[in-house]
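# Per-entry structural report
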Amino acid sequence: MVWPWVAMASRWGPLIGLAPCCLWLLGAVLLMDASARPANHSSTRERAANREENEILPPDHLNGVKLEMDGHLNRGFHQEVFLGKDLGGFDEDAEPRRSRRKLMVIFSKVDVNTDRKISAKEMQRWIMEKTAEHFQEAMEESKTHFRAVDPDGDGHVSWDEYKVKFLASKGHSEKEVADAIRLNEELKVDEETQEVLENLKDRWYQADSPPADLLLTEEEFLSFLHPEHSRGMLRFMVKEIVRDLGEAGSSLAGTPGPGTDWQGPGIVGRSGQVLREPQPGCGLTHSRLADQDGDKQLSLPEFISLPVGTVENQQGQDIDDNWVKDRKKEFEELIDSNHDGIVTAEELESYMDPMNEYNALNEAKQMIAVADENQNHHLEPEEVLKYSEFFTGSKLVDYARSVHEEF
């Protein structure tokens, strides 16, 4: 009797003899494949470098602050100050019933006096509470990042220590950079990196509380990463935004002519061409075009000037139109507090201060006005659910039918 496995072995004997050759060929192919795919290893290194860079660079976006670092409006601001640290809790693909219930739980927390209505004062208190949550998150993140750039753990970070870590995150050898700094040798970096370094150093000087020693404590490093945590750094951030917007506004070169209508070039689009000629009553009469005299103030045309680029279709044109409309409204209704058509650095600083209680009250009134369909100056459960996209970033369907059940 021949065991089945013996018969199988005899049938496959000739092929088994080829096994060493096949294994050799397989190994060669794998080796060639590995050498032909350096991009995978490179992308892994790049991802690690990007992660490290993001950990030590000041963020472009600050939760709970109305303007981005580049002067753009923070599109997610309303959700940030309404949801706080639960910002990611309302995904589009989340189960609608669960999301509605979650939103009504928030409503109950805001509604302190339990009258099933949210007043401006109640919303103001809630906004301040949620902003404080963002502050706490920023402090915790900053502590982690501080340890990453404080290798000797002495509680202070020098500019040179930070520069070594920053350039290492850009792909430079940490040892070579450290040696070059120690020997006072010139560092070879590209023009873009050099410009970023210079801007970071300016910011570092500003975060360094007197007496200046170019050593940042953990608290000063927090101000470096998050200028909203420091009055002095918030002022520096405002100065930078005014400067950048003033430079952007210089593309609106021209002078106001006589009469009531604007005689200059109008509103400039991304392509550098005029979007439209401003019409009488649009608010662009007799406004200065750029901060050319260095008075650190912003006119309406400067504030609504569009980024340079190309508008390729009607959708792009609509985006530009909405940009102008939103920024004009923000300028006239919220930033320009004395309504003189000019925003000073002080007005912009007050507007951007996330812990300004007066701003929080104005924001509360604005948020209520968006959804206040019955015009009673309060928010009711039906209104919050109906305008859920404004408050949470997600549109929750069947709001009216389920409001009583969820509440």
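Residue positions within a chain follow its written sequence, with the count starting from 1. Where totals are concerned, whole chains, interfaces and linings use all residues; where local detail is concerned, this predicted model gives features only for residues with pLDDT of at least 70, and gives and counts side-chain atom pairs only at 80 or more. As a rule here, side-chain values come from all non-hydrogen atoms in the structure, and water together with hydrogens is ignored.

Buriedness for pockets is judged along seven lines, at least five of which must meet protein on both sides within 12 Å for an open set on the 1 Å grid over protein atoms alone, while cavities are sets there where a 1.4 Å probe fits but cannot get out, and lining residues have an atom within 4 Å of a point. Grid points are joined across faces, edges and corners, and a volume is the space filled by probe spheres set on the points. Quantified by volume, the largest pocket comes out at close to 640 Å³. Lining of the largest pocket is provided by 22 residues; of these, Pro 58, Asp 60, Met 69, Asn 199 and Arg 203 occupy positions nearest its centre. Contributions of two or more residues to the lining of the largest pocket are made by helix H9 (191-207) and helix H11 (231-249). A per-class count over the lining of the largest pocket returns nine nonpolar, two polar and eleven charged. Taken as a whole, the second largest pocket encloses approximately 490 Å³ of empty space. Around the second largest pocket, the lining is made up of 16 residues, and of these Arg 75, His 78, Asp 326, Glu 330 and Phe 390 lie nearest the centre. Put simply, the parts of the chain that give the lining of the second largest pocket at least two residues each are helix H4 (77-83), helix H13 (314-335) and helix H15 (357-371). Think of it this way: any DSSP run of H or I at least four residues long counts as a helix, any run of E at least two long counts as a strand, and we number them from the N terminus. Top contributing element to the lining of the second largest pocket by residue count: H13, with four residues. Polarity classes work like this: nonpolar for Ala, Val, Leu, Ile, Met, Phe, Trp, Tyr, Cys and Pro, charged for Asp, Glu, Lys and Arg, and polar for all others, with Gly in that last group.

Right, let's talk about the confidence of the model for the chain for a bit. Each residue carries a pLDDT score, the predictor's own confidence in it, on a scale running from 0 to 100. Residues at a pLDDT of 70 or more form 67% of the chain, whose mean pLDDT is 75. Should any heavy atoms of two residues lie within 4.5 Å, those residues are counted as being in contact. Across residues 1-52, where pLDDT falls below 50, the model places five contacts with residues more than four positions away in sequence or in other chains. pLDDT under 50 marks residues 251-290. Its contacts with residues more than four places away, or in other chains, come to 100 contacts.

To continue, consider the side chain of Ser 230. Along the chain, Ser 230 falls in the loop between helix H10 (218-225) and H11. Burial status follows relative accessibility: with a 1.4 Å probe on protein chains alone, a residue under 20% of its type maximum counts as buried, one over 50% as exposed, and anything between as partly exposed. The class for Ser 230 is buried, based on a relative accessible area of 19%. Whenever two N or O atoms come within 3.5 Å, that pair is a polar contact, provided that in protein one can donate a hydrogen and the other can accept it, and provided that, for residues adjacent in sequence, both atoms are side-chain atoms. Here Met 233 takes part through its backbone nitrogen, which lies 3.2 Å from a polar atom of the side chain of Ser 230.

A word on the pattern of salt bridges. One speaks of a salt bridge when a side-chain nitrogen belonging to Lys or Arg is within 4 Å of a carboxyl oxygen belonging to Asp or Glu. Considering all chains together, one arrives at 15 salt bridges under this definition. Linking Asp 86 and Lys 102 is a salt bridge whose minimum nitrogen-to-oxygen distance equals 3.6 Å. Here Lys 102 lies in helix H5 (residues 96-110) and Asp 86 lies in the loop between H4 and H5, a separation of 16 residues in the sequence. Relative accessible area serves as the criterion here: at 27%, Asp 86 is assigned to the partly exposed category. Accessibility expressed as a relative area gives 28% for Lys 102, which makes it partly exposed. Arg 243 is the salt-bridge partner of Glu 240, the closest N and O atoms lying 3.3 Å from each other. Of the two residues, Glu 240 and Arg 243 are both situated in helix H11; the distance of three residues between them amounts to about one turn of the helix.

Ranked by internal contacts, the top residues of the largest apolar core, which has 27 residues, are Phe 82, Met 123, Leu 379 and Phe 391. Of all elements in the fold, only H4, H5, helix H6 (120-149), H15, helix H16 (381-386) and helix H17 (388-392) reach the threshold of two or more residues within this core. In terms of residue count, the dominant contributor to this core is H15 (six residues). To form a nonpolar core, buried Ala, Val, Leu, Ile, Met, Phe, Trp, Tyr and Cys residues must be joined to one another through side-chain atoms within 4.5 Å. Residues Phe 303, Ile 304, Trp 323 and Met 352 belong to the second largest nonpolar core, which totals 23 residues.

Turning our attention to the packing of H9 against H10. Only the stretch in contact is used when a helix axis is fitted, and all axes are lines through C-alpha atoms; the angle between N-to-C directions ranges over 0 to 180 degrees. Remark: H9 packs on H10, axes separated minimally by 9 Å, with the N-to-C direction vectors making an angle of 135 degrees. It follows from the interaxial angle that H9 and H10 lie oblique. With respect to the hand of their crossing, H9 and H10 are arranged in right-handed fashion. Along the contact surface, H9 presents Leu 200, Arg 203, Trp 204 and Ala 207, while H10 presents Glu 220, Phe 221, Phe 224 and Leu 225. Relative orientations are named as follows: roughly parallel for angles under 35 degrees, roughly antiparallel for angles over 145 degrees, roughly perpendicular for angles from 65 to 115 degrees, and oblique for any other angle. Crossing handedness is defined as follows: a turn of the near helix away from the far one that is anticlockwise and smaller than a right angle gives a left-handed crossing, while the clockwise case is right-handed.

Another aspect to go through is empty space enclosed by the protein. For the structure shown, the criterion picks out two cavities of 30 Å³ or more. The calculated volume of the largest cavity comes to roughly 180 Å³. Lining the largest cavity are 17 residues, with Lys 66, Phe 77, Tyr 351, Asn 359 and Ala 360 sitting closest to its centre. At the level of elements, H4, H6, helix H14 (345-352) and H15 are the ones that each hand at least two residues to the lining of the largest cavity. At four residues, the largest contribution of residues to the lining of the largest cavity is made by H15. Here the residues of the lining of the largest cavity sort into nine nonpolar, five polar and three charged.

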